[in-house]
Amino acid sequence: MELTRKGPGLLLRDILNGKDKQIAAVIDVITHVAPDVLVLQAFDHDLENRTLQAFQTALEAAGHKMPHAFAARPNSGLASGLDLDGDGDGKLNTPRDSQGYGDFTGQGGMAVLSRLPLGEVRDFSDFLWRDLPGAMLPTHADGSPFPSANAQAAQRLSSVAHWDIPVELPGGQTLNLLTYHGSTPAFDGAEDRNGKRGADETLFWTHLLDGALPYPAPPPPFTIIGQANIDPNDGDGRQDAIITLLSDPRLIDPAPEGSEGSDTADWSAIGVGKLRASYILPWAAADVTDAGVFWPTADAPMAKTAEIASRHHLIWVDIAY
């Protein structure tokens, strides 16, 4: 679900004035589904998390209290001081020269809200793309690094963020929530920088579970949850990456569905169509009791609300614990 705006502070303004129809629709969808833990994608970040706090207050006023929260500065809009997109225009402070695309620092970030307490978060967002085993780094036609060796030495893997958020379950168990937002596989050239980066952002989790990164692998129970921006069957994303994750024997795919089957996003307005872009993949031994995509049929009472809320539809999985 997208709650990003075109300038810093605008999302906070829109939440506080209480008149924004899209924000109201998002809150209606959340209160209808009533999750225990919620990952918000494309949620603008600010230094003191005032926007997130205002959203918590609005949710509580609507009857769904989620007192625990986490958000940290994402890579989106974070200035690099380098030409990271290879456009060669001499301008180094454009949205595409940021560590992740963004018109301002924090645009289109992520946030987590929870009814359950959260533990100490591991933030992998400063991990360099080139340090991923088998990284699919883009190249020029002659095989040299794209856009430059200096750029690749500074380029982070995460276009937004990669987090491991411990959720403290009743009974003393901890669920590690592994969440991220992958690059959109478009808006580049033959080097396929965004497509390759998005694939590697997804494969980061495979390497983490393998113990192949400079971080300890999370023990079960864990759940990978995020917007991969790759459909295993359609679209321009590198499908092998998401297929690798979906077929990992340490995970299960509950295959949530709504009125459009497994699709979670509608890009029809720009000619792309409907795609499965978001995923919740629990550990293999999880007791999954239900799952779905909140995409009501056209004649359902909440259909218009879901349409106003976002082109990305909320997905959910119920796990017994």
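Residues numbered from 1 in each chain as written. Predicted model: local features only at pLDDT ≥ 70, side-chain atom pairs only at ≥ 80, totals over all residues. Heavy atoms only, no water.

1. Considerations on the overall build of the chain
Helix and strand counts for the chain come out as 7 helices and 12 strands. The C-alpha radius of gyration of the chain comes to 19 Å, within 12% of the 20 Å expected for a compact globule of 321 residues. Principal-axis analysis of the C-alpha atoms places the extent of the chain at approximately 55 × 45 × 40 Å. Classification of the 321 residues of the chain by burial places 52% in the buried group. If you take every contact in the chain between residues at least 6 apart in sequence, the share linking residues at least 24 apart comes to 74%. (Helix = DSSP H or I, 4+ residues; strand = E, 2+ residues; numbered from the N terminus. Rg over C-alpha atoms; globule rule 2.2 N^0.38 Å. Buried < 20%, exposed > 50% of the residue type's maximum accessible area, 1.4 Å probe, protein only. Contact = heavy atoms within 4.5 Å.)

2. A look at the side chain of Gln56
Structurally, the position occupied by Gln56 is in helix H3 (residues 50–61). With relative accessibility at 16%, the residue Gln56 sits in the buried group. Every residue in contact with Gln56, bar those within four places of it in the chain, is listed here: Met66, Pro67, His68, Ala69 and Leu113.

3. Looking at the sheet that holds strand S7 (residues 222–227)
One open sheet accounts for 5 strands, arranged S4-S5-S6-S7-S10; its pairing is mixed. Each end of this open sheet is capped by a strand with a single partner; those strands are strand S4 (122–123) and strand S10 (278–282). Alignment of strand S6 (residues 174–181) against S7, held across 6 bridges, turns out to be parallel. When the sheet's bridge partners are listed, Leu177 is paired in S7 with Thr223. Across the face of the sheet, helix H5 (residues 193–210) comes into contact with strand S5 (162–168), S6 and S7 while running at roughly 150° to S6. (Pairing = 2+ DSSP bridges. Axes fitted to C-alpha atoms, helices over the stretch in contact; angles between N-to-C directions.)

4. Re the nonpolar core
If you look at the biggest cluster of nonpolar residues, it comprises 49 residues, and the most contacted ones within it are Trp163, Phe204, Trp205 and Ile224. Top element by residues in this core is H5. It accounts for 6 residues. Setting aside residues no more than four positions away along its own chain, Trp205 makes contact with Phe124, His162, Trp163, Leu178, Thr179, Tyr180, Ile224 and Leu245. Met1, Ala25, Phe55 and Ala309 belong to the second-largest nonpolar core, a separate cluster that totals 26 residues. (Core = buried A, V, L, I, M, F, W, Y, C linked by side-chain atoms within 4.5 Å.)

5. Some words on H3
Taking 1.5 Å of rise per residue, 12 residues should cover 16 Å, and H3 covers 16 Å from first to last C-alpha, within 8% of that figure. Turning to H3, its buried residues are Thr51, Leu52, Ala54, Phe55, Gln56 and Leu59. As for H3, its buried residues are in contact with helix H1 (10–17), helix H2 (21–33), strand S1 (37–41), strand S2 (68–70) and strand S3 (110–114). A positive phi of about 105° marks Gly63, the residue just after H3. (Expected span 1.5 Å × (residues − 1).)

6. A word on the environment of Leu132
With respect to the helices, strands and loops of the structure, Leu132 is situated in the loop between S4 and helix H4 (149–154). On the basis of relative accessible area, Leu132 is assigned to the buried category, the value being 3%. Separated by 69 residues in the primary sequence, Leu132 and Glu201 place their C-alpha atoms 9.4 Å from one another. Beyond its immediate chain neighbours, meaning those up to four positions away, Leu132 contacts Phe127, Leu157, Asp200, Phe204, His207 and Leu213.

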